[in-house]
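Tertiary structure, described
What follows is each chain in one-letter form.
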Amino acid sequence: MAASGSNAATGDLVVDNLISGCGKVSTFGKPVGVHFDYRTLHNCRKAGVGLKSHETISRRSVLAGYHVTRRSGSCRLLLGPSLSNSSSPCYSHGAVPDVSFHGSVFDEQLADSAVSADKNILVDTTMKLQSGSCYLPHPDKEKTGGEDAHFICEDEHVIGIADGVGGWADVGVNAGVYARELMSNSFAAIQDEPKGSIDPARVLEKAHSITKSKGSSTACIIVLTHQSLHAINLGDSGFIIVREGCTIFQSPVQQHGFNFPYQLASGSEGDQPSCGQVFTIAVVPGDIIVAGTDGLFDNLFSKEIDTVVGDGMRAGLEPLVIAQTIAALARQRALDRNRQTPFSSAAQDAGFRYFGGKLDDTTVVVSFITSSATIGQVETES
């Protein structure tokens, strides 16, 4: 995750320097309105991706999986590493599994949500989220669990992601504690929401108001309700929606300046939840959500994610395996100093000499939007 501020410099890139106040951004200008960005890609080119078993993505074998601290039905709150066996293993150490994607287009189209039916047939489609996640902390932060946190609540069709601001480490504060408390409070707030009418902005507002740890964090909460996706995103975490192998939507980044994202902090410091961007997006069964922290989106372009998702679907992979593969590829790109990445492109646009990826904590949550249809007869007058 980016620092809470970055110093302007001529020449080489300067990152992870702490501004006075350590995350207090109330003196910075904020946009007057909310920007909604919807992108439809008519022509989606796929890049070839190859991961071989001899490619490692971490120097240490510390993280074995997740520590599940709270469980309610199919809700999972995933806040940190566990040194015991994991029910949701990630490739955080050792060899990356053999996965080879060659950039071929889909031979079979995903099912369309509009069901052709006789006028006397009524189709009631209930959509659900089927999710899997992978978290790879920065290699230097594995012992403390890194600074990302996330949760998955399949019962309520909600996922959430937070990324603690790394610059706090300069003053001895682990911002991952703030991120974990924010996600824990968001998870709890969901339980108090009306069934079937969860408001992600209201959830984040409540969670922020009771999060008291030192530090700051980005936040993204996504809810599937009826035929739409409702989300709030603040900062440079975010999500994309992939349909038939192409990204049809990508949440825009919110930042005060290069490498200086919007961020929540306790009390009146930092940005407020009301600064977050709120989205309502029509979705259909077969769409895939890929949500992540900037460790994902700084290192992979959307077309690269499209490739992994598309070929993973062709291979019949589960969300967990696709999330693992995306995270592994993002880590590979982060360590590559000879490849253009979204982060290096942004750095160059900001006037810095920088090339390659950016090593960081990386969280990836992949969610399939599935459906169960109930078909019945519509009564008509004779």
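As a reminder, the structure under discussion sits directly above these lines.
Residues numbered from 1 in each chain as written. Predicted model: local features only at pLDDT ≥ 70, side-chain atom pairs only at ≥ 80, totals over all residues. Heavy atoms only, no water.

**Brief notes about the packing of helix 1 (residues 175-191) against helix 2 (residues 200-209)**
Across the interface, helix 1 lies against helix 2 with an axial gap of 8 Å and an inter-helix angle of 125°. As far as their axial angle goes, helix 2 and helix 1 are oblique. With respect to the hand of their crossing, helix 1 and helix 2 are arranged in right-handed fashion. Of helix 2, the residues touching helix 1 (which contributes Tyr178, Leu182, Asn185, Ser186, Ala189 and Ile190) are Val203, Leu204, Lys206, Ala207 and His208. Grouping the constituent residues of the contact of helix 1 with helix 2 by class yields 7 nonpolar, 3 polar and 1 charged. (Axes fitted to C-alpha atoms, helices over the stretch in contact; angles between N-to-C directions. Helix = DSSP H or I, 4+ residues; strand = E, 2+ residues; numbered from the N terminus. Parallel < 35°, antiparallel > 145°, perpendicular 65-115°, else oblique. Left-handed = near helix turned anticlockwise from the far one by under 90°. Contact = heavy atoms within 4.5 Å. Nonpolar A, V, L, I, M, F, W, Y, C, P; charged D, E, K, R; others polar.)

**What about the environment of Phe249?**
By the secondary structure assignment, Phe249 is in strand 12 (residues 246-250). Its relative accessible area of 0% is what places Phe249 among the buried residues. (Buried < 20%, exposed > 50% of the residue type's maximum accessible area, 1.4 Å probe, protein only.)

**Observations regarding the pairing of strand 11 (residues 238-243)**
Counting buried positions along strand 11 yields 5 of 6 residues, so the element is predominantly enclosed. Across 5 bridges, strand 11 lies against strand 17 (residues 288-292) in antiparallel orientation. Among the inter-strand pairings, Phe239 is bridged to a residue of strand 17, identified as Ala291. Pairing of strand 11 with strand 12, which is carried by 4 bridges, proceeds in the antiparallel orientation. Bridged to Arg243 within strand 12 is Cys246. The hairpin formed by strand 11 and strand 12 contains 2 residues between the paired strands, and Glu244 there has a positive phi angle of roughly 55°. (Pairing = 2+ DSSP bridges.)

**Digging into helix 1**
In this model, helix 1 (17 residues) spans 25 Å end to end at C-alpha, consistent with the 24 Å of a helix rising 1.5 Å per residue. Of all 17 residues in helix 1, 13 are buried; the element is thus mostly enclosed. N-capping of helix 1 is provided by Asn174, with a side-chain oxygen placed 2.9 Å from the backbone N of Gly176. (Expected span 1.5 Å × (residues − 1). Polar contact = N/O pair within 3.5 Å; in protein donor to acceptor, adjacent residues only side chain to side chain.)

**Let's talk about the packing of aromatic side chains**
Taken as a whole and assessed by the stated rule, the structure comprises 7 aromatic pairs. Here the aromatic cluster, defined as three or more aromatic residues joined through ring pairs, consists of Phe258, Phe343, Phe352 and Tyr354. (Phe/Tyr/Trp six-rings, centres within 6.5 Å; stacked < 30°, edge-to-face > 60°.)

**Section: the side chain of Glu156**
If you trace the backbone, Glu156 turns up in the loop between strand 7 (148-153) and strand 8 (158-164). Among residues more than four places away in sequence, those in contact with Glu156 are Ile190, Lys195 and Ile198.

**Considerations on the pattern of salt bridges**
Between side chains of opposite charge, a pair can form when the charged atoms approach closely. Enumeration over the complete set of coordinates arrives at 8 salt bridges. The salt bridge involving Lys195 is made with Glu156; its shortest N-O contact spans 3.1 Å. With Lys195 in the loop between helix 1 and helix 2 and Glu156 in the loop between strand 7 and strand 8, this residue pair connects regions lying 39 residues apart in the sequence. For Glu156, a relative accessible area of 18% corresponds to the buried category. Here Glu304 and Arg333 are joined by a salt bridge, their closest N and O atoms 3.1 Å apart. Here Glu304, found in helix 4 (residues 302-314), pairs with Arg333, found in helix 5 (residues 319-334); they are 29 residues apart in sequence, far enough to count as distant. What makes Glu304 buried here is its relative accessible area of 6%. (Salt bridge = Lys/Arg side-chain N within 4 Å of Asp/Glu carboxyl O.)

**Side note on the side chain of Thr247**
Looking at the secondary structure, you find Thr247 in strand 12. Looking at Thr247, the relative accessible area reads 4%, which means it is buried. Within the local environment of Thr247, its side chain forms a polar contact with the side chain of Asp306, the two groups lying 2.6 Å apart.

**Focus on the packing of helix 4 against helix 5**
At a minimum axis distance of 10 Å, the contact between helix 4 and helix 5 shows a crossing angle of 150°. Taken together, the axes of helix 4 and helix 5 are roughly antiparallel relative to one another. When the axes of helix 4 and helix 5 are compared, the crossing they make is right-handed. Contact with helix 4, carried on its side by Glu304, Ile305, Val308, Val309, Gly312 and Met313, involves Ile322, Thr325, Ile326, Leu329 and Arg333 of helix 5 and no other residues of that element. Considering only residue class, the contact of helix 4 with helix 5 consists of 7 nonpolar, 2 polar and 2 charged.

**A few points about helix 6 (residues 342-349)**
One full turn of an α-helix is made of 3.6 residues, so residues set three or four places apart face in the same direction. Regarding helix 6, the residues found buried are Pro342, Phe343, Ser344, Ser345 and Ala347. Elements in contact with the buried residues of helix 6: helix 3 (294-297) and strand 18 (352-353). Within two residues after helix 6, Gly351 carries a phi angle of roughly 95°, on the positive side.

**Describing the nonpolar core**
Val158, Leu182, Leu204, Ile221 and Leu264 are the most contacted members of the largest nonpolar core, which totals 24 residues. Where this core is concerned, the elements lending two or more residues are strand 7, strand 8, helix 1, helix 2, strand 9 (216-225) and strand 10 (228-234). Here this core takes 7 residues from helix 1, the largest share from any one element. Look past the residues within four positions of Ile221 in its chain and what remains in contact with it is Val158, Ile159, Gly160, Ser186, Pro200, Val203, Leu204, His230, Ala231 and Ile232. (Core = buried A, V, L, I, M, F, W, Y, C linked by side-chain atoms within 4.5 Å.)

From the geometry alone we can't say anything about function, so treat these as descriptive.
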